[in-house]
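Listed below, chain by chain, are the residues.
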Amino acid sequence: MSILSEDLIKIKLQELEYWDYIDGALHTSLDFKSFRDAFAMMTRIAFEAEAQNHHPDWSNVYNNLSIKLFTHDAGGVTEKDIKMATSIENIIKGE
Ligand SMILES: C[C@H](O)[C@H](O)[C@H]1CNC2=NC(N)=NC(=O)C2=N1
């Protein structure tokens, strides 16, 4: 899986609402109504990460969930990250 160019990443992120491209990775920071809601979302994302065998670098502080996506094996952002970011966005939007 090859690393995507910055231009292509930015074009693909135009389709997504919650994500930015910063320092070679996709980033989002989400505030939920409560810790429980944040952790419930982490649980749903965790199952999707397992299904895609593509795992986030993430941090949870109370009701905030910060997620960083990049492909460790490639050392940058690949289609796997775009797919996972899209999946996470759809989970959060309830789609
Ligand atoms: C062997 C390798 O660790 C696996 O194929 C998966 C596991 N989850 C992963 N997650 C992420 N973000 N990048 C990877 O390269 C990756 N590799």
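Rules used throughout
- Residues numbered from 1 in each chain as written.
- Predicted model: local features only at pLDDT ≥ 70, side-chain atom pairs only at ≥ 80, totals over all residues.
- Heavy atoms only, no water.
- Helix = DSSP H or I, 4+ residues; strand = E, 2+ residues; numbered from the N terminus.
- Rg over C-alpha atoms; globule rule 2.2 N^0.38 Å.
- Contact = heavy atoms within 4.5 Å.
- Phe/Tyr/Trp six-rings, centres within 6.5 Å; stacked < 30°, edge-to-face > 60°.
- Buried < 20%, exposed > 50% of the residue type's maximum accessible area, 1.4 Å probe, protein only.
- Lys NZ or Arg CZ within 6 Å of the ring centre and 35° of its normal.
- Patch = residues over 30% accessible without salt bridge, like charges linked within 9 Å, V, L, I, M, F, W, Y side chains within 5 Å.
- Areas by Shrake-Rupley, 256 points an atom, 1.4 Å probe, with all protein chains shown as cover.
- Salt bridge = Lys/Arg side-chain N within 4 Å of Asp/Glu carboxyl O.
- Pairing = 2+ DSSP bridges.
- Axes fitted to C-alpha atoms, helices over the stretch in contact; angles between N-to-C directions.
- Expected span 1.5 Å × (residues − 1).
- Arc of directions from axis to C-beta.

Re the overall build of the protein
Across its full length, the protein holds three helices and four strands. Its helices and strands taken in sequence order, the protein reads α-β-β-α-β-β-α from the N to the C terminus. Against the globule reference of 12 Å for 95 residues, the protein gives a C-alpha radius of gyration of 13 Å, in line with a compact fold. Across its three principal axes, the protein shows a C-alpha extent of roughly 35 × 25 × 25 Å. When contacts within the protein are restricted to residue pairs at least 6 apart in sequence, long-range pairs at least 24 apart make up 61% of them.

Things to note about the packing of aromatic side chains
According to the stated counting rule, one finds one aromatic pair in the structure shown. With 5.8 Å between their ring centres and 35 degrees between their planes, F35 and F39 make a pair best called tilted. Taken together, the residues span about one helical turn, with F35 and F39 both in helix 2 (residues 35–52) at a distance of four residues. Judged by its relative accessible area of 38%, F35 is partly exposed. Stacked on the ring of Y18, the Lys or Arg K93 has its end atom at 5.5 Å from the ring centre.

Quick word on a nonpolar patch on the surface
A contiguous nonpolar patch, built from F35, F39, V61 and Y62 and spanning about 440 Å² of accessible area, is present on the exposed surface. With respect to the element layout, Y62 can be found in the loop between strand 3 (57–61) and strand 4 (64–69).

Describing the sheet that holds strand 2 (residues 25–31)
Read from one edge of the open sheet, four strands run 1-2-4-3, paired in antiparallel fashion. Looking at the sheet topology across the chains shown, the edges are occupied by strand 1 (20–22) and strand 3. Adjacent strand axes in the sheet meet at a mean angle of 25 degrees when their direction is disregarded. Sheet topology note: the strand 3/strand 4 ladder contains five bridges and is antiparallel. Along strand 4, the bridge assignment pairs W58 with I67. Helix 2 contacts strand 3 and strand 4 of the sheet and is inclined by roughly 160 degrees relative to strand 3. The strands that helix 3 (residues 79–93) touches are strand 2 and strand 4; relative to strand 4, the one it contacts most, it runs at about 160 degrees.

Here we look at helix 3
For helix 3, built from 15 residues, the straight-helix expectation of 21 Å at 1.5 Å per residue is met to within 8% by its first-to-last C-alpha distance of 21 Å. The complete set of buried residues in helix 3 reads D81, I82, M84, A85, S87, I88, E89 and I91. Where helix 3 terminates, the next one or two residues include G94, which has phi positive at roughly 75 degrees.

Re helix 2
Counted at 1.5 Å a residue, the expected span for helix 2 with its 18 residues is 26 Å, and the 25 Å between its end C-alpha atoms agrees. When we look at burial in helix 2, the residues that qualify are A38, M41, M42, I45, A49 and Q52. Here the buried residues of helix 2 occupy an arc of 105 degrees about the axis, which is enough to place them on one side. When the buried face of helix 2 is taken as reference, the exposed residues oriented beyond 90 degrees from it are R36, F47, E50 and A51.

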